[in-house]
Amino acid sequence: MKKITFTLLFVFAALLSFSQTNADVVGQWFNAEKDAVITLFEQGNSISGKITWMKFPLDDNGNPKTDPLNPDEKLKSRPRLGMQMMKNFNYDEDNVWDDGELYDPKKGKTYSGKFTLVDENTLDLRGYIGF
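So, here is what we can say about the structure in this document.

1. Topic: the overall build of the protein
Item 1. Regarding its fold elements, the protein presents one helix and seven strands.
Item 2. For the protein, with 131 residues in total, the buried portion stands at 26%.
Item 3. Of all intrachain contacts in the protein linking residues separated by at least 6 positions in sequence, the fraction that spans at least 24 positions is 38%.
Item 4. Of the roughly 9300 Å² of accessible surface on the protein, a fraction of 57% belongs to carbon and sulfur atoms.

2. Details of the nonpolar core
Nonpolar side chains tend toward joint burial in soluble globular proteins.
Item 1. Ranked by size, the top nonpolar core spans 16 residues in total, and within it Val25, Leu40, Ile47, Met85, Met86, Trp97 and Phe115 carry the most contacts.
Item 2. Discounting residues that sit within four places of it in the chain, Met86 has contacts with Ile38, Leu40, Ser48, Gly49, Glu101, Leu102, Phe115 and Leu125.

3. Focus on unusual backbone geometry
In most cases, non-glycine residues show a negative phi, while peptide bonds are predominantly trans.
Item 1. Positive phi, normally seen in glycine, also occurs at Lys34, with a value near 60°.
Item 2. Tracing the backbone shows Lys34 in the loop between strand E1 (27-30) and strand E2 (36-43).
Item 3. One non-glycine residue, Asn88, adopts positive backbone phi at about 65°.
Item 4. Mapping Asn88 onto the fold places it in strand E4 (residues 84-91).

4. Considering the sheet that holds E4
Item 1. Taking strand neighbours across the sheet as the criterion, the seven strands line up as E1-E2-E3-E4-E5-E6-E7 in an open arrangement whose pairing is antiparallel. Of all the strands in the sheet, just E1 and strand E7 (122-128) have a single pairing partner and so form its edges. For this sheet, the mean angle separating the axes of adjacent strands, direction not counted, is 30°.
Item 2. Judged from the eight bridges that link them, E2 and strand E3 (residues 46-54) form a sheet pairing that is antiparallel. Along E3, the bridge assignment pairs Leu40 with Gly49.

5. Description of the packing of aromatic side chains
Item 1. With the rule as written, the count across this model stands at four aromatic pairs.
Item 2. The interplanar angle of 10° and the centroid separation of 5.4 Å between the aromatic rings of Trp97 and Phe115 together place this pair among those described as stacked. With Trp97 in strand E5 (residues 96-104) and Phe115 in strand E6 (residues 109-119), this pair connects stretches of sequence that are 18 residues apart.
Item 3. Trp97 gets classed as buried once you look at its relative accessible area, which sits at 0%.
Item 4. A cation over a ring is seen here: Lys50 above Phe41, with NZ or CZ 6.0 Å from the ring centre.
Item 5. Lying across the ring of Tyr103, Arg78 places its NZ or CZ 5.4 Å from the centre.

6. Here's the deal with the pattern of salt bridges
Item 1. For the coordinates displayed, the defined rule picks out six salt bridges.
Item 2. The closest approach of N and O atoms between Arg78 and Asp67, which form a salt bridge, is 3.1 Å. One end of the pair, Arg78, is in the loop between E3 and E4; the other, Asp67, is in the loop between E3 and E4, and 11 residues separate them in sequence.
Item 3. Judged by its relative accessible area of 0%, Asp67 falls in the buried class.

7. Section: a negative patch on the surface
Item 1. Residues Asp92, Glu93, Asp94 and Asp99 make up a contiguous surface patch of negative charge.
Item 2. Tracing the sequence through the fold places Glu93 in the loop between E4 and E5.

Rules and cut-offs
Residues numbered from 1 in each chain as written. Predicted model: local features only at pLDDT ≥ 70, side-chain atom pairs only at ≥ 80, totals over all residues. Heavy atoms only, no water. Helix = DSSP H or I, 4+ residues; strand = E, 2+ residues; numbered from the N terminus. Buried < 20%, exposed > 50% of the residue type's maximum accessible area, 1.4 Å probe, protein only. Contact = heavy atoms within 4.5 Å. Areas by Shrake-Rupley, 256 points an atom, 1.4 Å probe, with all protein chains shown as cover. Core = buried A, V, L, I, M, F, W, Y, C linked by side-chain atoms within 4.5 Å. Pairing = 2+ DSSP bridges. Axes fitted to C-alpha atoms, helices over the stretch in contact; angles between N-to-C directions. Phe/Tyr/Trp six-rings, centres within 6.5 Å; stacked < 30°, edge-to-face > 60°. Lys NZ or Arg CZ within 6 Å of the ring centre and 35° of its normal. Salt bridge = Lys/Arg side-chain N within 4 Å of Asp/Glu carboxyl O. Patch = residues over 30% accessible without salt bridge, like charges linked within 9 Å, V, L, I, M, F, W, Y side chains within 5 Å. Lys, Arg positive; Asp, Glu negative; His and termini not counted. Charge placed at Lys NZ, Arg CZ, Asp CG, Glu CD.

Fair warning: the whole summary comes from geometry, so function is off the table for now.
Laid out in structure tokens, this is it:
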């Protein structure tokens, strides 16, 4: 009986070590251009992200960059630094978080999105229109 209990405990522990959780992606990540850092955090059971560092945080006039391309007039003057640009990403399977929303301040557009944890240092983020 002790052997069976130990074996089951070992198998269960091994399965847990291979399962992904939100904690695997929570933290700071460079964007593809390496000109901004997006901090991913848990919000309820999902993952969201905000801009927490920018290589060039000021515009040509020395003012903090804002969101002038946003289609919502009320949001055009909000600062880009600190802006939440990812929300509601939920773990699906196979290192994929899906069904999220991604805002691109460089284009002023919002997309459906998903991201994949490629390895411990790489996320592959994809935005798409529609399904």
